[in-house]
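What follows is the residue order along each chain.
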Amino acid sequence: MQSVSKVTVGTLLSITMLSSSVVAGGLVGLAVSFRNLPDVRVLRNYIPAETSYIYDINGTLLDSIHDEFNRDVVTLNEISPDLKRAVLAIEDSHFYSHHGINPTSIGRALLSNLEEGRTVEGGSTLTMQLVKNLFLTPERAISRKVAEAVLALRLEQIFTKDQILEMYLNQVYWGHNNYGVETAAQSLFNKSASELNLAESAMMAGLIQAPEELSPFVDYRRAKQRQAVVLERMRVLNWITAEEAAAARQQPIRLGSIQSFDVSQSPYLTDAVVQELTERFGREAVLKGGMRVQTTFDLNLQQIAEETVRDGFQTLQGRGLSADQMALVAVDPRTHFVKAMVGGIDYQTSQYNRAIQALRQPGSAFKPFVYYAAFASGEYTPDSTVQDTPVTYPDGYETYSPQNYDGSFGGPMSVRAALERSRNVPAVKLGQEVGINRVIEISRILGITSPIEPVTSLPLGSVDLTPLEMASAYATFASGGWQSDTTFIVQVTDSTGQVLLDNSPRPQLVLDPWATASLNDVLQGVISRGTGTGARIGRPAAGKTGTTSSERDIWFVGYVPQLSVAVWVGNDDYSPVGRGATGGGFVAPIWGDFMQRALDGVPVENFEPASDFVRP
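Small disclaimer: the values here were computed from a predicted structure and weren't measured.

### Quick look at the sheet that holds strand β3 (residues 70-71)
Logical step 1: The strand order across the open sheet built from three strands is β3-β5-β4, with neighbouring strands paired in mixed fashion. Two strands in the sheet have a free side with no partner beyond their single neighbour: β3 and β4 (173-175).
Logical step 2: Taken together, the two bridges between β4 and strand β5 (residues 178-179) define a ladder with antiparallel strand orientation. Looking at the pairing, Gly175 lines up with Asn178 of β5.

Structure, rendered in structure tokens:
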């Protein structure tokens with residue numbers, strides 16, 4: 001017996017020593033692990049990823065831009081009290097009484113896990129859920145649970161309960177790529193989180209356990225069952241009455257729609273805006289910065305533009321034109337805001353935005369830059385005489401002899417007649433008179449940034465420009481010589497309203513008023529009796545046709561005082577669109593159709609006459 005007792009005592013002593021060593025080692029290990037845990041103080045400066053929104057000039061939503069997290073951050077005061085109570089009731093009813101961990105819940109979960117031999121119940125407080133979402137991996141393990149508890153205790157030492165609840169509600173996942181209460185409320189019920197009633201709040205709170213499986217979009221019956229569980233829990237806690245619970249269960253739910261994967265209303269527009277924002281702020285800021293972007297676009301005008309391009313293209317095909325693409329850009333001359341932009345026939349088949357990316361020769365649509373330079377020199381008026389006669393210029397090792405489109409020469413004629421009839425030879429001669437470098441200088445003043453070579457044929461449009469550059473340059477003529485920076489964006493703010501970018505117009509007079517008024521007078525004649533009669537719209541309008549050699553590009557660019565519009569037609573592979581095809585014959589009517597619809601209800605305005613200004 002004595003020997004047995006000694007063995008038993010020795011065995012117990014050994015087991016005790018071994019257990020102590022294990023516990024001590026475990027504590028040391030935990031201590032080391034705790035030292036490596038994240039510092040929760042970083043949350044003082046934590047800014048969660050937020051969705052950026054793009055609106056038209058009237059506040060209509062065009063698109064939402066986000067990375068993995070579709071989220072709008074709101075303050076706790078902007079969240080329905082019913083929703084806050086519902087979430088606390090089902091997730092952590094003792095939230096305001098514990099210090100980050102709830103020993104009762106943890107004990108209950110531990111017993112369940114020991115009985116099952118695996119992790120089946122979490123026992124996490126709301127604070128523990130928050131630190132898990134922000135700092136830890138989703139694996140289910142005892143070590144992670146301990147880390148959760150430690151971080152939760154630390155978090156509650158630094159932040160108030162309301163701050164923690166606000167972070168949680170903005171962080172938690174609600175299904176269908178919706179993060180945070182605001183985005184989820186907008187998607188689920190098409191209303192703000194501040195407007196949710198008890199029925200909606202209970203349904204939404206019930207989703208946290210399994211957001212996709214319990215989603216009313218996936219299984220409405222299960223969502224209602226889970227809603228009833230939340231309401232009953234709120235009743236048991238005496239946070240609502242039995243009558244309120246019953247009424248909420250019976251209240252009809254009007255669901256919204258899944259919005260995280262919506263596509264842009266006008267992708268040519270929003271792609272251009274995102275590109276500009278990315279260049280200025282960086283991709284990370286655009287995808288996660290919660291920007292509110294007010295663009296210059298008018299969605300109503302944009303829809304007219306898209307319909308015009310679609311219908312106009314069908315008309316061109318019906319007339320036998322061999323063109324596969326068209327672009328249209330509309331600019332407000334008073335602000336230089338881009339109001340509408342169509343980059344091609346069909347965005348789904350080609351995302352290439354020809355309005356801002358395609359460099360095409362404008363042909364005779366470039367001539368107004370030359371004629372403005374002539375008027376601004378003080379040596380020419382619309383009634384001055386120019387010679388439409390043969391001429392030859394040295395061109396490197398060869399010579400260059402400009403020809404008119406019809407191959408004839410008209411002899412002496414007025415500047416007005418030469419531009420109205422789009423005669424090539426007088427334009428080249430005027431270019432030589434005023435100087436090609438001066439023409440390039442005028443182009444730069446008008447905002448053209450594409451490369452321009454000082455060649456003799458430049459007045460005939462032997463340069464590659466975008467439709468946006470043309471519409472913007474003509475907009476300065478339409479405004480009487482006043483110009484602001486052309487832009488797609490009016491203003492950018494962050495989600496708190498802080499202004500990040502302000503593109504309010506800052507107009508400057510960049511052209512001579514008399515020369516501009518003289519050019520406007522002559523270009524009105526192009527439409528009323530020249531090559532652009534197909535663009536007549538029943539009100540004062542000015543513009544110019546454009547047709548390149550071999551008919552690769554055909555244009556019409558024109559304006560009224562309130563709107564400047566460029567329309568281009570061609571093939572992406574630069575092949576001809578058809579023998580005899582001209583901007584006046586094919587494109588001017590499309591321009592006119594757009595302007596008629598775009599200006600419906602807009603007051604008629606006249607251009608200021610040159611007689612109001614002093615000739616230079």
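Past the structure itself, the notes keep going.
### What to know about the layout of surface pockets
Logical step 1: There is about 540 Å³ of room inside the second largest pocket.
Logical step 2: Along the walls of the second largest pocket sit 28 residues, with Ser364, Tyr405, Asn424, Thr547 and Thr548 positioned nearest its centre.
Logical step 3: Secondary structure elements with two or more residues in the lining of the second largest pocket: β17 (542-547) and α20 (583-598).
Logical step 4: Considering each element in turn, the lining of the second largest pocket owes the most residues, four residues, to β17.
Logical step 5: A per-class count over the lining of the second largest pocket returns three nonpolar, 20 polar and five charged.

### Observations concerning the nonpolar core
Logical step 1: Membership of the largest hydrophobic core comes to 81 residues, with the highest contact counts inside it found for Met341, Phe369, Met470, Phe477 and Phe488.
Logical step 2: Beyond its immediate sequence surroundings of up to four residues, Phe369 is in contact with Ile442, Ser443, Leu446, Ile448, Met470, Ala473, Tyr474 and Phe477.

### Regarding the sheet that holds strand β8 (residues 337-342)
Logical step 1: Ordered by their spatial adjacency, five strands build an open sheet running β8-β7-β19-β18-β17, and the pairing between neighbours is antiparallel. Bordering the open sheet on either side are β8 and β17, each of which pairs with just one other strand. When the angles between neighbouring strand axes are averaged without regard to direction, this sheet yields 10°.
Logical step 2: Of the strand pairs in this sheet, strand β18 (residues 553-560) and strand β19 (residues 563-570) are connected by eight bridges, and their pairing is antiparallel. The residue bridging Phe556 from the neighbouring strand is Val567, located in β19.
Logical step 3: Sheet strands touched by helix α18 (residues 467-478): β7 (325-332), β8, β17, β18 and β19. Its angle to β18, the strand with the most contacts, is close to 30°.

Conventions we followed
- Residues numbered from 1 in each chain as written.
- Predicted model: local features only at pLDDT ≥ 70, side-chain atom pairs only at ≥ 80, totals over all residues.
- Heavy atoms only, no water.
- Pairing = 2+ DSSP bridges.
- Helix = DSSP H or I, 4+ residues; strand = E, 2+ residues; numbered from the N terminus.
- 1 Å grid on protein atoms, 1.4 Å probe; cavity = no way out; pocket = protein on both sides within 12 Å on 5 of 7 lines; lining within 4 Å.
- Points joined across faces, edges and corners; volume = space filled by probe spheres on them.
- Nonpolar A, V, L, I, M, F, W, Y, C, P; charged D, E, K, R; others polar.
- Core = buried A, V, L, I, M, F, W, Y, C linked by side-chain atoms within 4.5 Å.
- Buried < 20%, exposed > 50% of the residue type's maximum accessible area, 1.4 Å probe, protein only.
- Contact = heavy atoms within 4.5 Å.
- Axes fitted to C-alpha atoms, helices over the stretch in contact; angles between N-to-C directions.

This is a description of form; function is not addressed.
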